[in-house]
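Chain residues, written in single-letter form:
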Amino acid sequence: MRTECGECHFCKDMKKFGGPGRMKQSCLLRQCTAPVLPHTAVCFACGEAGKEDTVESEEEKFSLSLMECTICNEIIHPSCLKMGKSEGIINDEIPNCWECPKCHKEGKTSKDQGDGLGKRRMDNGEVSRWKLTDDPPPSKKKSLSLDDTTRQDGAKRKKEKDLPQESASKKKASRAEQSTAVFSFFSFLISWT
DNA sequence: ACGAACGTCAGT
DNA sequence: ACTGACGTTCGT
Ligand SMILES: [Zn+2]
Ligand SMILES: [Zn+2]
Ligand SMILES: [Zn+2]
C-alpha cells in the first residue's frame, strides 16, 4: 500500500516515471508480503478449486483449501492427501503455503527443491519466485510441446521495438507490417557473425 | 545464474 | 477497455 518511490529500478521503468514500461514490475517498496494463489489454481489430485468457503469450521476450511508445497510445488487439497499420519509444516506467513506431508516424509527437509525452479519466499526476508503450474512429481517429464496449444502463459521475446507479425487469428498484419518484419529479419541475419 | 522482456491474469 | 503486476522465457 505504500506509495511508489519513483526511484527504484522498476519505478524508473514505468511510463509514469519516464521509463519505457517494459518490465512491468511493482515498485520495490510495494511488493506483496502475502501473495495468494491465482484463481485458476486447481488441486493436483482432484483437479478442483479450493472450497474453503463452503464450510465454516476452521479445521474443514483448511482441508478444503488449496495448499502449495514449497518443496515439490504441488498444489493440493489436504483432504485429497490420504496419508496416514504425517502432518505438513504450514507456513503462516504466506497464504496456502506449506511443506507437504509427502515431502517431509523423505529427507526433503526444507532446502532441496525437487526441480530447482519454483521458489517463493523463504522464511527469511529474501525474495524468490514460486511456481504453481504442476510438474509431474517424480517420473514423467511433461511433453513440452514446442508448437502451440499447451502454451504456458508467460512470454516469448519480442525484440526491442516490436515486430508486428502475428499469425492468422487476430490482427492480420498489414503488408507494410509484413515487409518491415522481413526487413527486420534480414537485419537480424546481417548482424549475425 | 541473473535480469530484461512480455503474455496474461485480476481488478476496476 | 484499461491498468498493475505475476510468472515464464530468453539473452547474456
Ligand atoms: Zn519504486
Ligand atoms: Zn483435491
Ligand atoms: Zn511437497
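Residues numbered from 1 in each chain as written. Chains lettered and ligands numbered in written order. Predicted model: local features only at pLDDT ≥ 70, side-chain atom pairs only at ≥ 80, totals over all residues. Heavy atoms only, no water.

Asks: Any chance you could explain the coordination of the zinc ion (ligand 3) here in plain terms?
Replies: Each donor-metal-donor angle would ideally measure 109.5 degrees in four-coordinate tetrahedral geometry, or 90 or 180 degrees in six-coordinate octahedral geometry. At this site the zinc ion (ligand 3) is bound by Cys69 (SG), Cys72 (SG), Cys100 (SG) and Cys103 (SG), with donor distances of 2.3 Å. Of note is the zinc ion (ligand 3), whose four donor atoms meet at the metal with angles of 106 to 113° in an arrangement that counts as tetrahedral. (Donors = N, O, S within 2.8 Å, 3.2 Å for Na, K, Ca; no water. Tetrahedral: all angles 85-135°; square planar, octahedral: opposite > 155°, others 65-115°.)

Asks: Could you clarify how one ought to interpret the confidence of the model for chain A in this entry?
Replies: The predicted structure's coordinates, where accompanied by low pLDDT, should not be read in detail. In this model, chain A carries a mean pLDDT of 70, and residues with pLDDT of at least 70 account for 55%. Across chain A, the element-wise mean pLDDT spans from 37 in helix H4 (residues 175-191) up to 98 in helix H1 (residues 9-13). Scored below 50 in pLDDT, residues 119-151 makes 48 contacts in the model with residues more than four places away or belonging to other chains. With pLDDT under 50 throughout, residues 158-193 is counted as low confidence; its partners more than four residues away or in other chains account for ten contacts. Overall fold confidence for the complex sits at a pTM of 0.68, while the interface term, ipTM, reaches 0.95. (pLDDT = per-residue confidence, 0-100. Helix = DSSP H or I, 4+ residues; strand = E, 2+ residues; numbered from the N terminus. Contact = heavy atoms within 4.5 Å.)

Asks: How should I be thinking about the sheet that holds strand S1 (residues 67-69) in this particular structure?
Replies: Think of a sheet as strands paired side by side through backbone hydrogen bonds, with each pair either parallel or antiparallel. Across the sheet, four strands lie side by side as S2-S1-S4-S3; this open sheet has mixed pairing. In this open sheet, the two strands that pair with only one neighbour each are strand S2 (75-76) and strand S3 (89-90). In terms of strand pairing, S1 meets strand S4 (residues 97-99) through two bridges, oriented parallel. The residue of S4 that forms the bridge with glutamate 68 is cysteine 97. (Pairing = 2+ DSSP bridges.)

Asks: Honestly, the coordination of the zinc ion (ligand 2) in this entry has me stumped. Any pointers?
Replies: At 2.0 to 2.3 Å from the zinc ion (ligand 2) lie its protein donor atoms, namely Cys43 (SG), Cys46 (SG), His77 (ND1) and Cys80 (SG). Its four donor atoms give the zinc ion (ligand 2) angles of 99 to 118° at the centre, a pattern that matches the tetrahedral case. Read N to C, the donor residues that coordinate the zinc ion (ligand 2) are spaced as C-x2-C-x30-H-x2-C. Linking cysteine 46 in the loop between H1 and helix H2 (58-64) with cysteine 80 in the loop between S2 and S3, this pair joins segments that are 34 residues apart in sequence. Overall, the relative accessible area of 23% leaves cysteine 80 in the partly exposed class. (Buried < 20%, exposed > 50% of the residue type's maximum accessible area, 1.4 Å probe, protein only.)

Asks: Whenever I open this one, the packing of aromatic side chains confuses me. Can you help?
Replies: Any pair of aromatic rings gets described here by the distance separating the centres and the angle formed by the planes. Counting across every chain of the model gives one aromatic pair. Seen in terms of ring centroids, phenylalanine 62 and tryptophan 98 are 6.0 Å apart; in terms of plane orientation they differ by 75°. Their pairing is edge-to-face. Of this pair, phenylalanine 62 sits in helix H2 while tryptophan 98 sits in strand S4, and the two are 36 residues apart along the sequence. On the basis of relative accessibility, which here comes to 25%, the residue phenylalanine 62 falls in the partly exposed class. (Phe/Tyr/Trp six-rings, centres within 6.5 Å; stacked < 30°, edge-to-face > 60°.)

Asks: Explanation requested: the environment of cysteine 8 in the structure shown.
Replies: Mapped onto the elements of the fold, cysteine 8 is located in the segment before H1. Overall, cysteine 8 belongs to the buried group, its relative accessible area being 9%. Among residues more than four places away in sequence, those in contact with cysteine 8 are Cys27 and Leu28.

Asks: Sorry if this is basic, but what is going on with the UniProt feature "domain: CXXC-type" (unreviewed entry) in chain A here?
Replies: Mapped onto the present numbering, the UniProt feature "domain: CXXC-type" (unreviewed entry) falls on residues 1-33. Annotation note: span residues 1-33, helix share 15%, strand share 0%, distance between end C-alpha atoms 11 Å. (UniProt positions renumbered as here; feature names shortened; annotations may be inferred.)

Asks: For this particular structure, what's the right way to read the pattern of salt bridges?
Replies: Close approach of charged atoms lets side chains of opposite charge pair. What the rule picks out here adds up to three salt bridges. The salt bridge partner of lysine 51 is glutamate 48, with a shortest N-O separation of 2.6 Å. By relative accessible area, glutamate 48 is classed as partly exposed at 41%. Where lysine 102 meets glutamate 74, a salt bridge forms, and the shortest distance between an N and an O atom there is 2.8 Å. Here the residue lysine 102 occupies a position in helix H3 (residues 101-105), and glutamate 74 occupies one in the loop between S1 and S2, the gap between them amounting to 28 residues. (Salt bridge = Lys/Arg side-chain N within 4 Å of Asp/Glu carboxyl O.)

Asks: For this particular structure, what's the right way to read unusual backbone geometry?
Replies: Trans is the prevailing form of peptide bonds, just as negative phi is the prevailing case for residues other than glycine. Despite not being glycine, lysine 24 has its phi angle at roughly 60°, a positive value. You can see lysine 24 is positioned in the loop between H1 and H2. Given a relative accessible area of 68%, lysine 24 falls into the exposed group. Here asparagine 96, not a glycine, exhibits a phi torsion of approximately 55°, which is positive. Summarising the element assignment, asparagine 96 is placed in the loop between S3 and S4.

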